Amino acid sequence: MPELPEVEALARWLRPQIVGQRVMALEIHRPLVFRNLLSHAEPEQTLVGRTVRDVTRRSKLLLISLDDDFWLATHFMLTGNLAPCEPNARPRVRDYYRISFSNDLTLRYHDLRGMGKTYLTDDLARVPGMADLGPDALDPALTLERFLERLRPHRGEIKGVLTRERAVAGIGNAYADEILFAAGIYPFRKRTQLSQEEMARLYDAMRQVLEARLAVAMESIPRTHDMHRREGLNVHGRPGEPCPRCGAPISEIKVARRPTHFCRQCQPGLLLRN
Ligand SMILES: [Zn+2]
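Keep in mind the model is a prediction, meaning the values are calculated, not measured. (Residues numbered from 1 in each chain as written. Predicted model: local features only at pLDDT ≥ 70, side-chain atom pairs only at ≥ 80, totals over all residues.)

Q: Looking at this model, I keep getting lost on the sheet that holds strand 5 (residues 70-75). Mind explaining?
A: The strands that make up a sheet are held in pairs by hydrogen bonds between backbone atoms, and each pair lies either parallel or antiparallel. Within the open sheet, the five strands sit side by side as 2-9-5-4-3. Their pairing is mixed. Only two strands of the sheet have a single neighbouring strand rather than two, namely strand 2 (34-36) and strand 3 (52-58). Each strand of the sheet is rotated relative to its neighbour by a mean of 20°, with strand direction disregarded. Strand direction decides the pairing type here: strand 3 and strand 4 (residues 61-66), joined by six bridges, are antiparallel. Bridge assignment links Asp-54 to a residue of strand 4, and that residue is Ser-65. Taken strand by strand, helix 1 (residues 4-18) contacts strand 3 and strand 4, and its axis lies near 175° from that of strand 3. (Pairing = 2+ DSSP bridges. Helix = DSSP H or I, 4+ residues; strand = E, 2+ residues; numbered from the N terminus. Axes fitted to C-alpha atoms, helices over the stretch in contact; angles between N-to-C directions. Contact = placed C-beta atoms within 7 Å.)

Now the structure itself:
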């Protein structure tokens, strides 16, 4: 699933391409992904002719804002991808919609599993999950002090807490593994068991990993246009391979089919379940 770095990289790539451009066409091939939250009109009528004001991101959502406070908010989920295509190319299987702009750029939304969503709305608070989001993990206003405050109500395993959008937004399964590896913290320790020093290390690792991965994604997205391709991760997606720090094989523990990858040597701890 694209997380903060990939969605931010896509937003930064798209911004200079479409800001100031008018929407020329919206073609919905399969209605499942495209959700019109407006009570009136067909989405084509609302969108065509409007000018893009900005392209931003909130957590894992790509936000395209248009004239008159209309928004397109996209959550890519497990397999969604938004990429340029030839304006006249025939839709492929699992293409859900395409949107064309006055500079001849056409974007195609493709989704193998069709679990992603693009919401058309005039009120972002109506986008499911949006109103509950905590501060963004890369928000400059999220100081260490505020980070500690946000995590304080959550007492469970630290990996689960890090991926809780209500606490801090933008981190999913993959980058939680990478952040905990960078901090040298066992993913299943309870938040309440971590010392002040460990929490500070976690905060620094969060900032450092997300910044570094944003740089990687910004190099990769314009080249591959694939938000799911992640190269150069340290532990996530690499069970059995040698830990880049100590060489021990990377471990895997699956909880509810969600894998956690970590190094038992560099991130020592005991799995305690009750
Ligand atoms: Zn190691």
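Q: Got a minute to help me understand the pairing of strand 5 in this structure?
A: Along a regular strand, successive side chains alternate from one face of the sheet to the other. For strand 5, the tally of buried residues reaches five of six residues, placing the bulk of the element in the interior. Sheet topology places strand 4 next to strand 5; six bridges connect them, and they run antiparallel. By the bridge assignment for strand 5, Ile-64 is matched with Leu-72. Counted along the chain from strand 4 to the antiparallel partner strand 5, the turn is three residues long, and its residue Asp-68 has a positive phi close to 60°. Relative to strand 9 (residues 117-121), strand 5 runs antiparallel, the two being bridged by five bridges. (Buried ≥ 20, exposed ≤ 12 C-beta atoms within 10 Å, placed from the backbone.)

Q: Could you clarify how one ought to interpret the environment of Pro-31 in this entry?
A: Structurally, Pro-31 can be placed in the loop between strand 1 (23-28) and strand 2. In this structure Pro-31 comes out as exposed when scored by C-beta crowding, with 11 C-beta atoms within 10 Å. Along the backbone, Pro-31 and Ala-200 are 169 residues apart, and their C-alpha atoms lie at a distance of 45 Å.

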